[in-house]
Amino acid sequence: MATEQYDQGHLDVGQTIDSAIAKKIDYLSALKAAVADHQDTKIYELLDNQRYAAEIEHREQQANDAGVMNLVDNLTNQLSHFLSENLIDYLGKAYPFFYYEEYQTGHYRIYFGNWWDRRQFGDLDVLNIRFAFNQDEYGKLADSFKLSEQGKKYNSEAINKLSAENDHLQELIDSATTREQKRAELQNELKDANSRSGLFESSKNKEARQEIVDQISKLEDENEEARGAKAHIKENNQKVLELSKENTILSYEQKSIVDTFGSFEDFELANRNLYANYLKHLAKADGGKQVADNE
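What this report covers is the structure whose coordinates are included nearby. (Residues numbered from 1 in each chain as written. Predicted model: local features only at pLDDT ≥ 70, side-chain atom pairs only at ≥ 80, totals over all residues. Heavy atoms only, no water.)

A word on the pairing of strand 2 (residues 107-112)
Right, so step 1: As paired elements, strand 1 (residues 98-104) and strand 2 share six bridges and run antiparallel to each other. Each bridged residue has a counterpart across the sheet, and for Y100 the counterpart in strand 2 is I110.
Right, so step 2: Between strand 1 and strand 2, which pair antiparallel in sequence order, lie two residues; one of them, G106, sits at a positive phi of approximately 80°.
Right, so step 3: For strand 2 and strand 3 (residues 119-125), the ladder comprises five bridges, and the chain directions are antiparallel. Bridge pairing links I110 to G122 in strand 3.
Right, so step 4: Counting the residues in the hairpin turn of strand 2 and strand 3 gives six residues, including G113, whose phi is positive at 90°. (Pairing = 2+ DSSP bridges. Helix = DSSP H or I, 4+ residues; strand = E, 2+ residues; numbered from the N terminus.)

Digging into the packing of helix 7 (residues 156-174) against helix 10 (residues 229-261)
Right, so step 1: Where helix 7 meets helix 10, the axes come as close as 9 Å, and the angle between the chain directions of the two elements is 160°. Taken as axis vectors, helix 7 and helix 10 run roughly antiparallel relative to one another. Considering how the two elements wind past one another, helix 7 and helix 10 form a crossing that is left-handed. Residue-level inspection shows S156, A158, I159, L162, E165, N166, L169, Q170 and I173 of helix 7 in contact with helix 10, the latter providing A229, K230, H232, I233, N236, N237, K239, V240, L243, S244 and N247.
Right, so step 2: Taken together, the residues of the contact of helix 7 with helix 10 sort by class into nine nonpolar, eight polar and three charged. (Axes fitted to C-alpha atoms, helices over the stretch in contact; angles between N-to-C directions. Parallel < 35°, antiparallel > 145°, perpendicular 65-115°, else oblique. Left-handed = near helix turned anticlockwise from the far one by under 90°. Contact = heavy atoms within 4.5 Å. Nonpolar A, V, L, I, M, F, W, Y, C, P; charged D, E, K, R; others polar.)

Regarding the pattern of salt bridges
Right, so step 1: For the structure on display, the rule yields 11 salt bridges.
Right, so step 2: Salt bridges sharing partners connect three or more residues here, namely R119, E137 and E253. (Salt bridge = Lys/Arg side-chain N within 4 Å of Asp/Glu carboxyl O.)

Read these as geometric descriptors, not functional statements.
Spelled out as structure tokens, the structure:
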């Protein structure tokens with residue numbers, strides 16, 4: 001009896017192993033065939049069956065079988081490189097202002113525009129069909145759209161502040177002679193006030209003398225600030241130039257998005273729907289296979 005139970009248990013385990021191996025073989029065989037035929041849609045389905053079912057077939061399906069899918073974990077870079085050909089070709093038409101650089105196998109940087117001083121805008125995640133934008137750069141672009149509704153540019157406030165500071169510094173430089181004349185006058189007044197001071201000096205005289213000292217101190221502070229004013233103005237002018245350049249770049253980016261999508265909101269919507277939009281495009285391009293579109 002014990003032997004029979006052992007034999008049955010041994011058989012059950014063997015069948016479980018055979019079934020698991022068969023599933024792995026079937027998965028790898030399907031993936032191999034899809035790669036051989038460059039059936040990118042099928043490859044994406046095999047890489048994330050759950051997402052494909054939800055976003056393309058509009059149905060719920062069991063969770064991904066990680067035990068099968070992790071068989072290709074060490075091939076992600078190669079699969080990304082393989083799948084990038086059709087994806088980047090599609091993106092070149094859907095997002096004509098983005099350019100891509102493969103800096104290592106299967107890894108792509110995104111650049112916004114082909115103009116001078118263009119910005120590195122993030123990375124392209126080929127396997128998940130999504131943009132991984134640099135949040136600082138993306139935030140600047142989003143803010144520039146909001147400010148443009150108020151007739152402002154992204155760096156307008158900073159430029160105005162620097163310009164006002166330069167005006168103040170230039171005024172200090174221009175008024176050097178007047179300031180020295182005023183300082184000489186105050187020194188004479190202070191000398192007279194000191195000559196009138198004594199053991200029983202009135203509070204009024206003390207206040208007048210302190211006021212003269214304070215005015216002289218203020219002029220000396222202004223002289224100190226004026227001594228470094230030219231260098232400071234030069235630094236500020238360089239900052240204004242850089243901020244103006246950034247405003248220009250942002251204006252190019254805004255125009256590119258509006259020309260292609262109509263608005264920043266529609267650009268964001270397209271980004272959210274990129275996975276579904278691209279795979280539907282692929283399915284139509286395949287010729288025979290049609291994907292249900294319930295939109």
